[in-house]
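# Structural description and commentary
What follows is the residue order along each chain.
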Number of protein chains: 4
Amino acid sequence: MVRYPLILINFKAYRESSGKRAVELAKVAEEVSKETGVEIAVAPQLTDLALVAQSVEIPVFSQHADAVGPGSHTGHVTLEAIKDAGAVGTMLNHSEKRIRADQIDFLVKKARELGLLTAVCSNTPEVTAAMAALGPDMVAIEPPELIGTGIPVSRAKPEVVLNSVRLVERVNPEVKVLCGAGITTGEDVEAAIRLGTVGVLLASGVVKAKDWRAAIMDLVSPLLK
Amino acid sequence: MVRYPLILINFKAYRESSGKRAVELAKVAEEVSKETGVEIAVAPQLTDLALVAQSVEIPVFSQHADAVGPGSHTGHVTLEAIKDAGAVGTMLNHSEKRIRADQIDFLVKKARELGLLTAVCSNTPEVTAAMAALGPDMVAIEPPELIGTGIPVSRAKPEVVLNSVRLVERVNPEVKVLCGAGITTGEDVEAAIRLGTVGVLLASGVVKAKDWRAAIMDLVSPLLK
Amino acid sequence: MVRYPLILINFKAYRESSGKRAVELAKVAEEVSKETGVEIAVAPQLTDLALVAQSVEIPVFSQHADAVGPGSHTGHVTLEAIKDAGAVGTMLNHSEKRIRADQIDFLVKKARELGLLTAVCSNTPEVTAAMAALGPDMVAIEPPELIGTGIPVSRAKPEVVLNSVRLVERVNPEVKVLCGAGITTGEDVEAAIRLGTVGVLLASGVVKAKDWRAAIMDLVSPLLK
Amino acid sequence: MVRYPLILINFKAYRESSGKRAVELAKVAEEVSKETGVEIAVAPQLTDLALVAQSVEIPVFSQHADAVGPGSHTGHVTLEAIKDAGAVGTMLNHSEKRIRADQIDFLVKKARELGLLTAVCSNTPEVTAAMAALGPDMVAIEPPELIGTGIPVSRAKPEVVLNSVRLVERVNPEVKVLCGAGITTGEDVEAAIRLGTVGVLLASGVVKAKDWRAAIMDLVSPLLK
């Protein structure tokens, strides 16, 4: 449902990417994706999910899902609601919204049944390996101390990415690895791919940029050949 | 921002009220509200919030909010996002999504600044009094053992409602009391009002009904004079 | 089961007050209490509770309790286990271990049945009032931003304490108010009492002191007349 | 610090194994261990940990640990406190007290530094593999639906145990596998060992037994040759 290399833009809970501006940002990403042919996906805030998914044709992810099925679960986000909203998948276990391994196991299996993709975040090579053992479509290694810093993990801690890729290869080679934390430029994307990952997960590098279009264009530039 | 008496319909995480069907159900509620003049509000699933709020003119509530401001909070629901989505307020502390008193204190104060309404759920008269002490716009007393049973609290445990109303009167008389749990009919609404509350909070009684319009019409019927 | 004024020493998870040293510190507190006649209670780490309660005769509190009864609850702390360990009561809802209002409601009612005391922490006057509405034996107002600073709330924010006392008086006058956060000296204890509280809750002021006996002696000094 | 095969008795939050009775049960386990030479360890309630660890010479485990170091963490259980209490290790992630993978990663690494053992529970073969990827000393596979039933996993779902053993072998062959859920007799222990595990984790089968000594004797009987 998505092609690789993949650039996944997480809108987080930033006000710059909330409500109407969520739709605007998603449309900018869609434009760049159409113009360049590079796969770009967006993960808007939960409250904007159906609205954004209705407004664009690029892949839309939820930022989170709860490990419950449909029913009496006020305030929870089910995979079924994510699907009904029109999204193609969900991020899980972001360092700002961690869940437990048994919940991820439940969600990965259920998502597969529903035809939804899962991208599970992790913080260390060992946790990346553990998440890969659960069989999601993607794992995204993001050392939390680098998130939002603008210092790319590929530069500050390439060994964390390399070790993650190596362990995933051993534990479950079908799982794709994304690289997150501190990604802001096309150079970072290039470094991430060189380290063996199939793309990047980023947030502030785009959302907080003065010029969304220019920021995304820069990210995709190394993939344009 | 809302008028009383109020009928607040919680869509929970039911699949019957998810995605496109969330918009349909909200429109049925809107029609009945316009025809009868009775105030009806809806609380769709988080993922549908902006979409529903854009589609109807009746008051829309979030089912939940997290006690964080905008920022690096992937997967969280901020009051700001709720406002940007077009909702008028939020439910808090539903028995299926309880949060802590200090979080409710934070959210009630922040919602007031943002011009959003808060409806805080509680399970016992003592907890109702505690929630009233935090100064939300509404408290909704819902003994969890009756939720989803079709046995209205107003019939099964009228003393729980009466004690709640009495304690709120003493602790913070400006707080409105809603009556929840087991509400399905106009008769239940009438009983709730007779016990001193200003309306009802309900879910399956409408969402699971074969005929949404008929179910809502029945609820508002005792208020039509 | 305790007399007022009360000095309650929280051992937190400090290593200085863990294992054998927990027993030593409790014995120092016991000695000072016996010598001066001032009521001093201790709240050791969970793992040390039974050992400390067996070693001293002064009141021992748990730092926390979980809202479950005895049974299949691995890793949980029940009120029954607290009682069987020999403690006289428990702290609840410390800012470092907050729980929900419905859980505090459950625990306060159950503790009363079991003959255990409850001291519920709070962070603002509104939350103090909410906690008082649940009817515990004590509430302890502790603005989290002052905890561990050595700047006593009684000096930095006397209005927080005064408002808390005033609101508790209105909501539930039988509840005693303790004053916490930044307490380290006898002067702080005196100020706390002057503001209408019946004692103090403190931690690092004693645990991290070079000389435990001297630190506790200083605390009780204003109460020695 | 422990020998295999290992029988690990979890006292859960049962009142039958709380306070003084925790010490009594631990002493019965110690007696049987000394008489038969079979390794038996106990995991008392958190509140009894130091008291039990002081009273017996067999290995004592905590039922849980929190992913924080010593410090301002009221109501938390640190690995340091577990060590200071005299325990040799800790269970983690029991189905009744699950924690997140990043927390387990933190705790496993820290426990190794402190010289403490870790036994991480899991519910499915995939989660067992994930936990093994984190490198604890042991994983304990326990399908939650069988816990407390008296129906041993080795009989009801031998494939869950076999798959777990096989996956651990692939992911991290140094990790030992224990078998839990529904274990009550020596026959169950024998079956568990036959399936490739190095011992059992059980609770009610011993704690709720009329005769603790007879129950433990029965468990160790197949290991007496």
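Quick caveat: nothing in here was measured; it's all calculated off a predicted structure.

Cut-offs applied
- Residues numbered from 1 in each chain as written.
- Chains lettered and ligands numbered in written order.
- Predicted model: local features only at pLDDT ≥ 70, side-chain atom pairs only at ≥ 80, totals over all residues.
- Heavy atoms only, no water.
- Helix = DSSP H or I, 4+ residues; strand = E, 2+ residues; numbered from the N terminus.
- Rg over C-alpha atoms; globule rule 2.2 N^0.38 Å.
- Buried < 20%, exposed > 50% of the residue type's maximum accessible area, 1.4 Å probe, protein only.
- Contact = heavy atoms within 4.5 Å.
- Buried area = accessible area lost by both parts, 1.4 Å probe.
- Salt bridge = Lys/Arg side-chain N within 4 Å of Asp/Glu carboxyl O.
- Polar contact = N/O pair within 3.5 Å; in protein donor to acceptor, adjacent residues only side chain to side chain.
- Nonpolar A, V, L, I, M, F, W, Y, C, P; charged D, E, K, R; others polar.
- Least-squares fit on C-alpha atoms with pLDDT ≥ 70 in both.
- Pairing = 2+ DSSP bridges.
- Axes fitted to C-alpha atoms, helices over the stretch in contact; angles between N-to-C directions.

From N to C terminus, chain A includes ten helices and eight strands. Whereas a compact globule of 225 residues would reach a radius of gyration of roughly 17 Å, chain A reaches 16 Å, a difference of no more than 12%. Dimensions along the principal axes, computed over C-alpha positions, put chain A at roughly 45 × 40 × 30 Å. Looking at chain A residue by residue over its 225 residues, the buried ones come to 68%. Long-range pairs, those at least 24 residues apart, make up 67% of the contacts in chain A with a sequence separation of at least 6.

Counting from both sides, the interface comprises 18 residues of chain A and, opposite them, 18 residues of chain D. Summed over both sides, the interface between chain A and chain D buries roughly 1,500 Å², with carbon and sulfur atoms accounting for 63% of that surface. The closest approach of N and O atoms between E126 of chain D and K109 of chain A, which form a salt bridge, is 3.0 Å. At the boundary of chain A with chain D, the tally comes to eight residue pairs in polar contact (both at pLDDT 80 or more). Sorting elements by how many residues they give to the side of chain A that touches chain D places helix α5 (residues 125-133) of chain A first, with six residues. Class assignment of the residues belonging to the side of chain A that touches chain D gives a composition of nine nonpolar, two polar and seven charged.

What follows is about the relation of the copies chain B and chain A. The two copies are related by a screw motion: chain B maps onto chain A through a turn of 180° and a shift of 0.0 Å along the axis, at an RMSD of 0.0 Å. Those values place the two copies in the arrangement expected of a two-fold rotation axis. Same-surface contact between copies: 100% of interface residues of chain B are shared with the interface of chain A.

A few words now on the side chain of D102 of chain D. Along the chain, D102 of chain D turns up in helix α4 (residues 101-114). A distance of 3.3 Å separates a polar atom in the side chain of D102 of chain D from a polar atom in the side chain of R98 of chain A. Within the structure, D102 of chain D has its side chain in polar contact with the side chain of R100 of chain D (distance 2.8 Å). In contact with D102 of chain D, other than residues within four places in its own chain, are R98, N123 and V127 of chain A.

Attention shifts here to the sheet that holds strand β3 (residues 61-62) of chain C. Residue and element names in this part refer to chain C. Strand order across the open sheet formed by eight strands is β2-β1-β8-β7-β6-β5-β4-β3, with parallel pairing between neighbours. Each edge of the open sheet carries a strand with a single partner, namely β2 (39-43) and β3. As judged from the two bridges shared by strand β7 (residues 176-180) and strand β8 (residues 199-202), these two strands associate in the parallel manner. Directly across from G180, in β8, lies its bridge partner L201. The sheet contacts of helix α10 (residues 212-220) involve β1 (6-10), β2 and β8, and relative to β1 the element is tilted by about 150°.

So, on to the interface of chain B and chain A. In this assembly, 37 residues from chain B lie in contact with 37 residues from chain A. The contact between chain B and chain A buries some 3,200 Å² in all, and 54% of this surface belongs to carbon and sulfur atoms. Among the residues chain B hides against chain A, the three largest losses belong to R15, T47 and T74 of chain B. Together they make up 23% of the total. At the boundary of chain B and chain A, one finds two salt bridges. For R15 of chain A, the salt bridge identified is with D84 of chain B, shortest N-O distance 2.9 Å. At the boundary of chain B with chain A, the tally comes to 19 residue pairs in polar contact (both at pLDDT 80 or more). Of all elements in the fold, only α2 (49-55) and α3 (79-85) of chain B reach the threshold of two or more residues within the side of chain B that touches chain A. Of the residues contributing to the side of chain B that touches chain A, the split by class is twelve nonpolar, 16 polar and nine charged.

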